[in-house]
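Close look at the chain arrangement
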Amino acid sequence: AGITGCFTAARLMQKGVDISVLARGDKAARLERDGLHMRDGITGETATVRLNIVRRPVAETFNVAMVCVQARHQQSLMPLLLELPGRPTVWYLGNTTQGYATAIEQLGRNRVLGGFPGVGGTWEGEVLVYADREKPTDKPFDRLILGEAHPDAAAAAGAVQNHLQRVTMNIERYVPIMAWHWSHIAMILPLAGAVYQHDQDLDAVVADRALLKQAMRATAQGLTAIRRAGYPILPRTLNVMRWIPAALGAGKIASLLQSDFGRIALAGHAATARDEMHSFAADLLSLAGENAGADLREVLSGI
């Protein structure tokens, strides 16, 4: 029942998916009593959604378990996942650099999926403030990233994809899923590094055009390092980021950081997940090795 879990459950529930949210203690009681209070950070629209709360997921059988926590907390959930009856498909939704080898070993090669939610957000008291698109005129959230962690899970990935597409969710499936994760991490870490250099003061970041140009060069260097490590850049359209002039890219980054989406989904996440970002930065530099460019090293050193 975190930001990603609550938001994703609310949206899927609104589309008619039978879904429950794991919560305990005061949070479970509050969500049952008051519902989930949500505010669209782009339009200001508010809503209250009544989620189906489950405290003991082992008391019933689920087809899919969606794990919406930071990578560093995933292993702590393994005892619960192993206890779930019916051996459901386990779909990890979130950034990762470590991959899924441990989950595959413990859960089985045909059960583990990876992916990412299409939203960012923050809590303001008991209100979930979310950003699921850059502009009010853009289509609201309907996208989830999906990919099998092992080829043996292709059937499970296909079943999830088909089910959610039937309720008009846009499912983007990528194989290998770790190539998508590395590409995404190479995109977000330079932004996070720039935000941290000015203590999350976005106005100061936007005003520092030299830093934004460096972040753009660092992004290109990170994507190049990933390719040299043997991963394709996914989605393939991100390859253009390796060739965009730094000055042009800096302008696009500035516009993004000045938007409500940038403030909530990007800077907001960076502020609450610095430990995770620090770990990812170390892993990206390790993956890049001697192929890590000077700008990439400098920008990531401040995370």
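Residues numbered from 1 in each chain as written. Predicted model: local features only at pLDDT ≥ 70, side-chain atom pairs only at ≥ 80, totals over all residues. Heavy atoms only, no water.

With that settled, consider the nonpolar core. One finds Leu81, Tyr92, Leu107 and Leu189 to be the most contacted residues of the largest nonpolar core, which totals 69 residues. Here this core takes 15 residues from helix α7 (residues 177-197), the largest share from any one element. Apart from residues no more than four positions distant in its own chain, Tyr92 is found in contact with Val67, Gln74, Met78, Leu81, Tyr100, Ala103, Leu107, Val112, Leu113, Gly114 and Gly115. (Core = buried A, V, L, I, M, F, W, Y, C linked by side-chain atoms within 4.5 Å. Buried < 20%, exposed > 50% of the residue type's maximum accessible area, 1.4 Å probe, protein only. Helix = DSSP H or I, 4+ residues; strand = E, 2+ residues; numbered from the N terminus. Contact = heavy atoms within 4.5 Å.)

What follows is about the layout of surface pockets. Taken as a whole, the second largest pocket spans an internal volume of roughly 290 Å³. Together, 18 residues line the second largest pocket, and Ala71, Gln74, Thr96, Gln98 and Gly99 are the ones closest to its centre. Only α3 (71-74), α5 (101-107) and α12 (274-288) provide two or more residues apiece to the lining of the second largest pocket. Top contributing element to the lining of the second largest pocket by residue count: α12, with 4 residues. By residue class, the composition of the lining of the second largest pocket is 7 nonpolar, 8 polar and 3 charged. (1 Å grid on protein atoms, 1.4 Å probe; cavity = no way out; pocket = protein on both sides within 12 Å on 5 of 7 lines; lining within 4 Å. Points joined across faces, edges and corners; volume = space filled by probe spheres on them. Nonpolar A, V, L, I, M, F, W, Y, C, P; charged D, E, K, R; others polar.)

Here 4 strands make up an open sheet; going across it, the order is β3-β2-β9-β8 and the pairing mixed. Each edge of the sheet is formed by a strand with only one pairing partner; in this case those strands are β3 (46-49) and β8 (120-124). Going from strand to strand, the sheet's axes swing by 30° on average, the running direction of each strand aside. Sheet analysis places strand β2 (residues 36-40) next to strand β9 (residues 127-131), joined by 4 bridges and oriented parallel. Paired with Met38 across the bridge in β9 is Leu128. (Pairing = 2+ DSSP bridges. Axes fitted to C-alpha atoms, helices over the stretch in contact; angles between N-to-C directions.)

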